Amino acid sequence: VQLQASGGGLVQAGESLRLSCAASGTISGPNPMAWYRQAPGKQRELVATISTGGITKYEDSVRGRFTISRVNAKNIVDLQMNSLQPEDTAVYYCNAFWESLGREYWGRGTLVTVSS
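**Q** Can you lay out the packing of aromatic side chains for me, pointing to particular residues and giving the numbers?
**A** Centre-to-centre distance and the angle between the planes together describe a pair of aromatic rings. The final tally for this structure, using the stated rule, is three aromatic pairs. Here Tyr93 and Trp106 contribute two aromatic rings whose centre-to-centre distance is 6.5 Å and whose plane-to-plane angle is 85°, an arrangement assigned as edge-to-face. Separated by 13 residues along the polypeptide, Tyr93 in strand β9 (residues 90–98) and Trp106 in strand β10 (residues 103–106) bring together distant segments of the chain. Ring centres of Trp98 and Tyr105 lie 5.6 Å apart, and the angle between their planes is 85°; on these two criteria the pair is classed as edge-to-face. Residue classification places Trp98 among the buried positions, given a relative accessible area of 0%.

**Q** Account for the nonpolar core, with residues named and values stated.
**A** Among the nonpolar cores identified, the biggest contains 29 residues, and Trp35, Leu79, Met81 and Tyr92 are the most heavily contacted of them. Of all the secondary-structure elements, those providing two or more residues to this core are β1 (2–6), β3 (17–24), β4 (33–38), β5 (45–50), β7 (66–71), β8 (76–81), β9 and β11 (110–115). Non-local contacts of Leu79, meaning those with residues more than four positions away in its chain, are made with Leu17, Arg18, Leu19, Trp35, Val47, Ala48, Phe66, Thr67, Ile68 and Tyr92.

**Q** With reference to specific residues and values, describe the environment of Ala90.
**A** Relative to the assigned elements, Ala90 resides in strand β9. A sequence separation of 75 residues divides Ala90 from Glu15, and the C-alpha atoms of the two residues are 15 Å apart. What Ala90 contacts, discounting residues up to four positions off in sequence, is Arg37, Gln38, Ala39, Thr110, Leu111 and Val112.

**Q** Now, about the pattern of salt bridges: what can you tell me, with residues and values included?
**A** Applying the stated criterion across every chain, the model contains six salt bridges. Between Arg37 and Glu45 there is a salt bridge, with the nearest N and O atoms lying 2.7 Å from each other. Judged by relative accessible area, which is 6%, Arg37 ranks as buried. The salt bridge involving Arg63 is made with Asp60; its shortest N-O contact spans 2.8 Å. Judged by relative accessible area, which is 47%, Arg63 ranks as partly exposed. Through salt bridges with shared partners, a single ionic network connects Arg37, Glu45, Glu59, Arg65 and Asp88.

About the cut-offs
- Residues numbered from 1 in each chain as written.
- Predicted model: local features only at pLDDT ≥ 70, side-chain atom pairs only at ≥ 80, totals over all residues.
- Heavy atoms only, no water.
- Phe/Tyr/Trp six-rings, centres within 6.5 Å; stacked < 30°, edge-to-face > 60°.
- Helix = DSSP H or I, 4+ residues; strand = E, 2+ residues; numbered from the N terminus.
- Buried < 20%, exposed > 50% of the residue type's maximum accessible area, 1.4 Å probe, protein only.
- Core = buried A, V, L, I, M, F, W, Y, C linked by side-chain atoms within 4.5 Å.
- Contact = heavy atoms within 4.5 Å.
- Salt bridge = Lys/Arg side-chain N within 4 Å of Asp/Glu carboxyl O.

See below:
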């Protein structure tokens, strides 16, 4: 199983980015799928999760600015990030759990840098 993330980059405060992550290597779908981030000198934190049924949860600081979505048929999870702020600067990781495999998998991370 592999998770391939893309979409990171350098933007200015107030701008938007969209991250995408595709899972491959298995027929069954993961549940849930999620995005985490790790800022320099800080611990990795959960940003947002989404279940197969579309139930979402967000970290307080991103609620209302970020939107997580998924395409179940393709095992893709996206993160639309609007109104980005310098404190959103971090390496973003996609994560997915497969009950059929009994474990979670992580993508390699994609860097998001927001300048003020």
